[in-house]
Amino acid sequence: MAQRAIREYDAKTLLARHWPDFVGGPLRYPGRVVQVGPDTPLDGLAEKAPWLAGERLAVKPDVLAGRRGKHGLVLLDAGWEDARAWLLRMRGTTAVVGGVSGELTHFVVEPFIGTERQYYLAIRTERDRDDVLFSPAGGIDIEEHLDQVRTISVPVWPPRDAPDFGPLFDGQPEVPAQLHASLAGFCAGIYRYFRALGFAFMELNPFTVHGGELWPLDLKARLDDSARFECGTLWGDVDFPAPFGRRLTPEERAVTRLDERSGASLKLTVLNPAGRIWTMVAGGGASVVYTDTIADLGRAGDLGNYGEYSGNPSSDETYEYTRIVLDLLTRGSGADGPGGDGKCLIIGGGIANFTDVAATFAGIIRALREFAPRLRSSGVRVLVRRGGPNYREGLRLMRELGGELGISIDVYGPDTHMTRVIGLALGGAANGGA
Amino acid sequence: MADTGFAPSWLLFDRSTRAIIYGYQAQAVQGMLDFDYVCRRDRPSVACIVNPTRGGTHLAFWGSRPLPVPMYQSLAEAVARHPEASVLVNFASARSAYGVTAEALAHPCFRVVAVIAEGVPERRSRELIAMARERGTTLIGPATVGGIKAGAFKIGNAGGTLENIVESRLCRPGHVAYVSRSGGLSNELNNIIARNTDGVYEGIALGGDRHAGSTYIDHILRYERDPEVAMIVLLGEIGGTDEYEVADALRAGRITKPLVAWCIGTSAGLFSAGVQFGHAGARADAQRETARAKNEALRAAGAVVPASFEDFDRSIAETYCRLVAAGKFAPAADVQPPPIPMDFGAAVRAGVVRRAPAFVSSIADDRGEELAYAGLPISEVIERGLGVGGVIGLLWFKRELPAWACRFIELVLQVAADHGPAVSGAHNTIVAARAGKDIVSSVASGLLTVGPRFGGAIEGAASVFRRAVKDGQPAGELVAAMRAKGEPIPGIGHLAKSVTNPDRRVELLKSFSAQHFPATPHLEYALAVERLTTAKRDNLILNVDGCIGALFLDLLQSSGLFCAAEIDEVADGGMLNGLFLLSRTIGLIGHFMDQRRLRAPLYRHPWDDIAYLAPDRHEP
């Protein structure tokens, strides 16, 4: 559970839905925005949102990628027919943003507004306070005008209603004087909304005011998904998409499903399907340390995955999880026969607090046994390092398994430094376990 | 801080610290008590448990002795009864952790509140942090295992198993204090420090959430002031900027003790798109929040920062050895912790103890994935349609009876299910039901009449016929012998039925056996006896009990599944009345329900139906 970004479409429709309850006041937010997903039929869309046909439009990918304008991924000031043609052309294509390539699956379509004054508003959460930031010089170059940013901090405790945001606008020559009061009111409203819905971050950059309406040209937001039990009904069915460029592979999806069904935690990210080093590490912290150390030893390019299991998963869960990893690991490795520079699997972990090592290993062992022929033909070496409840039994089972299956399984306990097995795996020295 | 007011502010725990445990976490409580015991504490660290669903006592162990731990349903009561407790270990769920912690912060007695739950909303955590700061309470967590002070006090599950605590030399204080973000890795730190120094003095896991109740600097400044701490270890993590407070303090000279530090997550750059590492807070939104930047900053500020986690142990060892060589302190000696008995369950699992069981059971097993009757999984019983007769075969005789035998048992259950309201059993059930008794009492009242005179003749008949057939005793001899003893033959004779008015139930049973039984020697013998007795009086027929008893012997014998000794055991072992008991229970339940539906009032037997024979005192 963590802060999770939501789509611009969801951020805007959520704001429009709750505007009357939290903001209200003289400014209006009609929230005219249409989502085009991978399967949204474009024909007939203009009937559902009649304004599409009547307005000049702005169309942008809605895939959690920043700096879309700079990458030429935005269509501005277009009629619906042009927008439609553009969407048909762009939808499903791959774009590279900030060095990350990802598929353009979702788009937002909105009325286009000629850029008048561009303001900046952000709400950030710090440890002891919420910061509300305003700048009259909004837009993609906001970083270059930091001197114009004014901040009002609201302490998290004691809880109180939104403070007076007037000082953000007092004496701002860039903001028309007649807007100061209504913008201060808007800030108070959106701050209340931010707090009530469990947002962790929100940024309207830029936004403008046009004909008594507030226009967020871009709206980024992150929700704290651990607040679901308090705020979930206000969220509705908001979508938490994977970060841009992260298209889950079928194996990652399978692990995600396993994770959702389980009280324990099971995570898998495939980094390099052709990688030689694969890891199955117990514990959120330890899994990061193993990944770090492989990189420190200069072998990041050989790393197949980031994987983690923790929270005392059952034997059945570790079995299912291991099968998925072993399937990936033993794929298409004809060149890496025995004797060659084969692959290795590191079943690592620190000293568990309460996870039963023998029980979690029982599931891993079941899967290893099932995959034994493929592991043998791929020349896979297995290295194990673990401690915690019942670890002696778990390590013994692993040690015996190596002989039984004819696979190299080196087994280490707490007397071997947690990451030392990585060097042993990469160095090729297999001296047997402690 | 009523009781701990004399403790210096940097000392959160000592050997007399007591804690209230919120949430019924029996394992964590026992873990704390076992730790206390191996540390040879005078008093258990667990003052009491708050269990919102049940008050009373939880029975734990102090060494090998049972130790009652008081349990209260509210925190307020726990605090009132145990004002000496200065630590709350809060195991409440993510949903209720906020409320419980906020309530605890309002009690001035707590110096430390540890919040274990993962998934507390960030805003709630931040409010708790601000509240705790205002009250001067140290908040550890959320999303943490807690922390441990070697030889003194342990929070909840920190330190892992007792075996690990002993192996990591946590029963007595060493000279190295650490603070870690990760709770999972804190145990690894206990291990690394134990293997490379004289051991841990104190270790705190801050918790993996974005906003932790206390941060590195809070604890490191305590360690700095604590004269028992010789060096400090910090294990940081990608995300957040709390590590910079430590770098600032190092530069400012507010930390003078050697500090070995490492921030994990240096490989985050490997992931081209944002991947959420294991912890909620493990996410870098800016260059400053990366592990690499933080390691650099700490190194630049004077901390010992290895090149990789791989060298973390060596950095700790070198720093420690330098201090020892400089004569800064005397390394702590190891102590022999008192032995703690293994939990019985663990010992059984490990195969190191055995015990003669008080009970033996050989018919059903509910321990596996599926309930089994005599080894046959219940789903197979149903799939193969064994029926009630088959289940009786499995549970009463531990074998799978042939289909004809199962059907015979079911036939018996049907014909003996009821015999009207006038018989003893039904009568008693009706009277009890009308007295307002419940179903169990009413049916039991009826069943208690089953015996030698009512329903019990199945057993008697089977016993007599079994012996006679086995001994080859001619029917005439049996009849003569019984007459000589002046005893009726069990299973022979009926109050209402006779040769001319036969019992239809007996006819049904006989006809079924003729069609399906491979052989019926006992029934034939019984019929031979009946021929002799009915010649004397025409109601001395083979009655339904006698018929069932004889045929059941035939069932056992002709099924070929039972040896002679087993058949004797059934005939003489008081088992066959079970058939009548089971069958008649159906009818008795029916009578109970019938009386309930009729709302029959209390029954009182009419005076005029009773002959009062007691002497009349008024008559001369």
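In this text the structure is predicted, and so the values were computed from the model without any measurement.

Asks: Any chance you could break down the interface of chain A and chain B for me, citing the residues and the numbers?
Replies: Accessible area lost when the parts come together is the quantity often used to give the size of an interface. Between chain A and chain B, the contact holds 56 residues from the first and 64 residues from the second. Together, the buried faces of chain A and chain B total about 4,900 Å²; carbon and sulfur atoms form 53% of this surface. Summed over the three residues of chain A that lose the most area to chain B, namely A:Arg127, A:Trp157 and A:Asn353, the buried surface amounts to 18% of that side. Taken together, the links from chain A to chain B amount to eight salt bridges. Put simply, B:Asp313 and A:Arg420 hold a salt bridge, and the shortest N to O gap is 2.9 Å. Run the count over chain A and chain B and you get 28 residue pairs in polar contact (both at pLDDT 80 or more).

Asks: Got a sec to walk through the pairing of strand S3 (residues 56–62) of chain B? Specific residues and values, please.
Replies: Residue and element names in this part refer to chain B. Pairing analysis gives seven bridges linking S3 to strand S4 (residues 65–72), with the strands arranged antiparallel. Following the sheet pairing, Ala 60 is matched in S4 by Leu 67. In sequence, S3 turns back onto S4 through a hairpin of two residues, with Gly 63 there showing a positive phi of about 65°.

Asks: Break down the packing of helix H3 (residues 97–106) of chain B against helix H4 (residues 122–135) of chain B for me, citing the residues and quoting the values.
Replies: Residues and elements named next belong to chain B. At their nearest, the axes of H3 and H4 sit 10 Å apart, and the two run at 5° to each other. Taken together, the axes of H3 and H4 lie roughly parallel to each other. On H4, the residues touching Tyr 98, Thr 101, Ala 102, Leu 105 and Ala 106 of H3 are Arg 124, Glu 127, Leu 128, Met 131, Ala 132 and Arg 135. Residues of the contact of H3 with H4, tallied by class, amount to seven nonpolar, one polar and three charged.

Asks: Can you break down the pattern of salt bridges residue by residue, with the values?
Replies: Oppositely charged side chains can form a pair if their charged atoms are brought close together. According to the stated counting rule, one finds 57 salt bridges over all chains in the structure shown. Among the ionic pairs, A:Asp218 bridges to A:Lys220, the shortest N-O distance being 3.6 Å. Residue classification places A:Asp218 among the buried residues on the basis of a relative accessible area of 12%. Judged by its relative accessible area of 35%, A:Lys220 is partly exposed. A salt bridge links B:Arg81 to B:Glu77; its shortest N-O distance comes to 3.5 Å. Here the residue B:Arg81 and the residue B:Glu77 both occupy positions in helix H2 (residues 75–81), the gap between them amounting to four residues, near one helical turn.

Asks: Describe the side chain of B:Glu122, with residues and values.
Replies: Mapping B:Glu122 onto the fold places it in helix H4. In this structure, B:Glu122 is buried with no salt-bridge partner, the nearest side chain bearing the opposite charge being B:Arg210 at 5.0 Å. The residues touching B:Glu122, leaving out its near neighbours within four places in the chain, are A:Gln3, A:Ala200, A:Asp224, A:Ser226, B:Arg210 and B:His211.

Asks: Go over helix H9 (residues 291–300) of chain B, please, and point to the residues and values.
Replies: Residue and element names in this part refer to chain B. Listed in full, the buried residues belonging to H9 are Ala 291, Ala 293, Lys 294, Asn 295, Ala 297 and Leu 298. Packed against the buried residues of H9 are strand S12 (231–237), helix H8 (242–251) and strand S13 (259–264). Taken from the residues just after H9, Gly 302 is the one with a positive phi, measuring 115°.

Asks: Can you explain the confidence of the model for chain A? Please cite residues and give values.
Replies: Residue and element names in this part refer to chain A. Per-chain confidence: chain A averages 91 in pLDDT, with 96% of residues scoring 70 or above. Here residues 334–340 is a poorly scored stretch, pLDDT under 50, and it has 11 contacts once near neighbours within four places are set aside; other chains count. Here residues 429–434 is a poorly scored stretch, pLDDT under 50, and it has 15 contacts once near neighbours within four places are set aside; other chains count.

Asks: Break down the sheet that holds strand S18 (residues 381–385) of chain A for me, citing the residues and quoting the values.
Replies: All names here are of chain A. With mixed pairing, six strands are arranged side by side in an open sheet as S14-S16-S15-S17-S18-S19. Looking at which strands have only one partner, the edges of the open sheet turn out to be strand S14 (265–270) and strand S19 (408–412). Each strand axis lies, on average, 10° off the axis of its neighbour in the sheet, ignoring direction. Bridge count between S14 and strand S16 (residues 305–310): six bridges; the pairing is antiparallel. When the bridges of S16 are listed, Leu 266 appears paired with Tyr 309.

Asks: Pulling in residues and values, what's your account of the sheet that holds S3(B)?
Replies: All names here are of chain B. Spatially, seven strands are ordered S3-S4-S2-S1-S5-S6-S7 in an open sheet, and the strand pairing comes out mixed. Of all strands in the sheet, those with a lone pairing partner are S3 and strand S7 (138–140), marking the two edges. Strand-to-strand twist in this sheet, taken as the mean axis angle between neighbours without regard to direction, amounts to 25°. Along the sheet, helix H1 (residues 26–38) makes contact with strand S1 (19–22), strand S2 (46–50), S3 and S4, crossing S3 at roughly 40°.

Asks: Report on unusual backbone geometry, specifying residues and quantitative values.
Replies: A:Pro206 follows A:Asn205 through a cis peptide bond whose omega is -5°. Structurally, A:Pro206 is set in strand S11 (residues 199–210). With an omega of 5°, the peptide bond between B:Gly141 and B:Pro142 qualifies as cis. Its place among the elements puts B:Pro142 in the loop between S7 and strand S8 (147–149). One non-glycine residue, B:Arg40, lies in the positive phi region at around 55°. Structurally, B:Arg40 is set in the loop between H1 and S2. Backbone geometry places B:Lys398, a non-glycine residue, at a positive phi of 55°. Among the structural elements, B:Lys398 can be located in the loop between helix H13 (387–397) and helix H14 (403–415).

What counts and how
- Residues numbered from 1 in each chain as written.
- Chains lettered and ligands numbered in written order.
- Predicted model: local features only at pLDDT ≥ 70, side-chain atom pairs only at ≥ 80, totals over all residues.
- Heavy atoms only, no water.
- Contact = heavy atoms within 4.5 Å.
- Buried area = accessible area lost by both parts, 1.4 Å probe.
- Salt bridge = Lys/Arg side-chain N within 4 Å of Asp/Glu carboxyl O.
- Polar contact = N/O pair within 3.5 Å; in protein donor to acceptor, adjacent residues only side chain to side chain.
- Pairing = 2+ DSSP bridges.
- Helix = DSSP H or I, 4+ residues; strand = E, 2+ residues; numbered from the N terminus.
- Axes fitted to C-alpha atoms, helices over the stretch in contact; angles between N-to-C directions.
- Parallel < 35°, antiparallel > 145°, perpendicular 65-115°, else oblique.
- Nonpolar A, V, L, I, M, F, W, Y, C, P; charged D, E, K, R; others polar.
- Buried < 20%, exposed > 50% of the residue type's maximum accessible area, 1.4 Å probe, protein only.
- Lys, Arg positive; Asp, Glu negative; His and termini not counted.
- pLDDT = per-residue confidence, 0-100.

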